[in-house]
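Close look at the chain arrangement
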Amino acid sequence: MQLRIAYSPCPNDTFVFDAWAHGRVPGAPHLDVTFADIDVTNGWAESGTDGRDVLKVSYAVLPWILDEYALLPCGGALGRGCGPLVLTRDAGTDLTGKTVAVPSERSTAYLLFRLWAAEAVPGGVGEVVVMPFHEIMPAVRDGKVDAGLVIHEARFTYKAYALHKLADMGEHWESTTGLPIPLGAIVARRSLGADTLRLLADSARASVRMAWDDPAASRPYVMEHAQEMDPKVADQHIGLYVNEFTADLGEAGYAAVRGLLTRAAAEGLVPPLGPDALAFP
């Protein structure tokens, strides 16, 4: 069996999928891998016409895609202390009417930002501009936008761009809910059938555990796709985004996903979920 999969070139994804992508997970389907930015994979999932069987997407896009895709209970990014940041050139900038760059309008980062801004920027922000996440910090530094919503390794590198942290979306979420932060999800087409979906979940879980058991084995794959990232930053990135929830969402993980999407639906930001929308075969 060969399945088409798309995930990002970020260290957490390449770390998680290294063993599986290179045929080291016994009994796992062969993977035909495409690397794509999260805004691209969100769009593919929402259109439903791309043809890929498995996708890494934002949790925020789930309400639009769960008729066609099932959420796998492992392989994604969810945790604590790992939320998106709002960065500005000047400390304490008032975002009222300002231009903000975001990685995707369907991203979990943007959904968390909208929940935060509803309280913190009562006058409302101005224009929202979508751009690839690695272009956001340079755009803020160069004055092309007033603020940027950043994800991934930007938590560790934004000071090198002389930028200031205006707010941490994860801190806001955790302080108001007590729940971990849902960021990226692994979804697969329901048409694959329950047996294949369970095999995919088992394969993803085995792949991440193999990466934990032998981190050095994944290093060439991680660094090949890490866009000239400092190896120490790549290690920090993996340590932050690959955790117990990557191996299994568990009760706390599912509670965080439901909490985010229920709260967002109550604010009219996403469609409401059905009672069994997150159920896994």
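Whatever comes next refers back to the structure up there.
1. Description of the packing of helix H1 (residues 11-21) against helix H9 (residues 215-224)
At a closest axis distance of 9 Å, the pairing of H1 and H9 adopts a crossing angle of 110°. In terms of their interaxial angle, H1 and H9 are classed as roughly perpendicular. Along this stretch, H1 crosses H9, giving a crossing that reads as right-handed. Here Pro11, Thr14, Phe15, Asp18 and Ala21 of H1 come into contact with H9, specifically with Pro215, Ala217, Ser218, Tyr221 and Val222. Here the residues of the contact of H1 with H9 sort into seven nonpolar, two polar and one charged.

2. Some details on empty space enclosed by the protein
What the rule picks out here adds up to one cavity of 30 Å³ or more. Estimated volume of the largest cavity: approximately 30 Å³. Lining the largest cavity we find Tyr59, Leu72, Pro73, Cys74, Gly76, Ala77, Leu78, Ala185, Ile186, Phe245, Thr246 and Leu249. For the lining of the largest cavity, a count of residues per class yields ten nonpolar, two polar and no charged.

3. Brief notes about the pattern of salt bridges
Two side chains that carry opposite charge are able to pair once their charged atoms sit near each other. Evaluated as defined, the whole model comprises eleven salt bridges. The salt bridge partner of Arg155 is Asp168, with a shortest N-O separation of 3.3 Å. Taken together, the residues span a long stretch of sequence, with Arg155 in helix H6 (residues 154-157) and Asp168 in strand E10 (residues 164-168) at a distance of 13 residues. Among the residues examined, Asp168 registers a relative accessible area of 7% and is labelled buried. Put simply, Asp248 and Arg205 hold a salt bridge, and the shortest N to O gap is 3.5 Å. Taken together, the positions of Asp248 in the loop between helix H11 (244-247) and helix H12 (250-266) and Arg205 in helix H8 (residues 194-213) put the pair 43 residues apart, joining distant regions of the chain.

4. Structural notes on helix H2 (residues 38-47)
Restricting attention to buried positions, one finds in H2 the residues Ile38, Thr41, Asn42 and Ala45. Along H2, the residues classed as buried sweep out an arc of 105° about the axis, all on the same side. Elements in contact with the buried residues of H2: strand E1 (2-7), strand E3 (54-58), helix H3 (62-65) and strand E4 (69-71). The N-capping residue of H2, defined by a side-chain oxygen 3.0 Å from the backbone nitrogen of Asp39, is Asp37. At the C-terminal side of H2, Gly48 shows a positive phi close to 70°.

5. Quick word on unusual backbone geometry
For Ala162, which is not a glycine, the phi torsion comes out positive at approximately 60°. What makes Ala162 exposed here is its relative accessible area of 56%.

6. Comments concerning the packing of aromatic side chains
Each aromatic ring pair is described using two quantities: the centre-to-centre distance and the angle formed by the ring planes. Under the criterion given, the structure shown has six aromatic pairs. Geometrically, the ring pair formed by Tyr7 and Phe35 is edge-to-face, given 5.5 Å between the ring centres and 90° between the ring planes. Of this pair, Tyr7 sits in strand E1 while Phe35 sits in strand E2 (residues 30-35), placing them 28 residues apart in sequence. Classification of Tyr7 by relative accessible area gives buried; the value is 0%. Given the relative accessible area of 29%, Phe35 is considered partly exposed. Members of the aromatic cluster, joined through ring pairs, are Tyr7, Phe17, Trp20, Phe35 and Tyr221. Taking the ring centre of Trp44 as reference, the NZ or CZ of Arg52 above it sits at 4.2 Å.

Cut-offs and rules
- Residues numbered from 1 in each chain as written.
- Predicted model: local features only at pLDDT ≥ 70, side-chain atom pairs only at ≥ 80, totals over all residues.
- Heavy atoms only, no water.
- Axes fitted to C-alpha atoms, helices over the stretch in contact; angles between N-to-C directions.
- Helix = DSSP H or I, 4+ residues; strand = E, 2+ residues; numbered from the N terminus.
- Parallel < 35°, antiparallel > 145°, perpendicular 65-115°, else oblique.
- Left-handed = near helix turned anticlockwise from the far one by under 90°.
- Contact = heavy atoms within 4.5 Å.
- Nonpolar A, V, L, I, M, F, W, Y, C, P; charged D, E, K, R; others polar.
- 1 Å grid on protein atoms, 1.4 Å probe; cavity = no way out; pocket = protein on both sides within 12 Å on 5 of 7 lines; lining within 4 Å.
- Points joined across faces, edges and corners; volume = space filled by probe spheres on them.
- Salt bridge = Lys/Arg side-chain N within 4 Å of Asp/Glu carboxyl O.
- Buried < 20%, exposed > 50% of the residue type's maximum accessible area, 1.4 Å probe, protein only.
- Arc of directions from axis to C-beta.
- Polar contact = N/O pair within 3.5 Å; in protein donor to acceptor, adjacent residues only side chain to side chain.
- Phe/Tyr/Trp six-rings, centres within 6.5 Å; stacked < 30°, edge-to-face > 60°.
- Lys NZ or Arg CZ within 6 Å of the ring centre and 35° of its normal.

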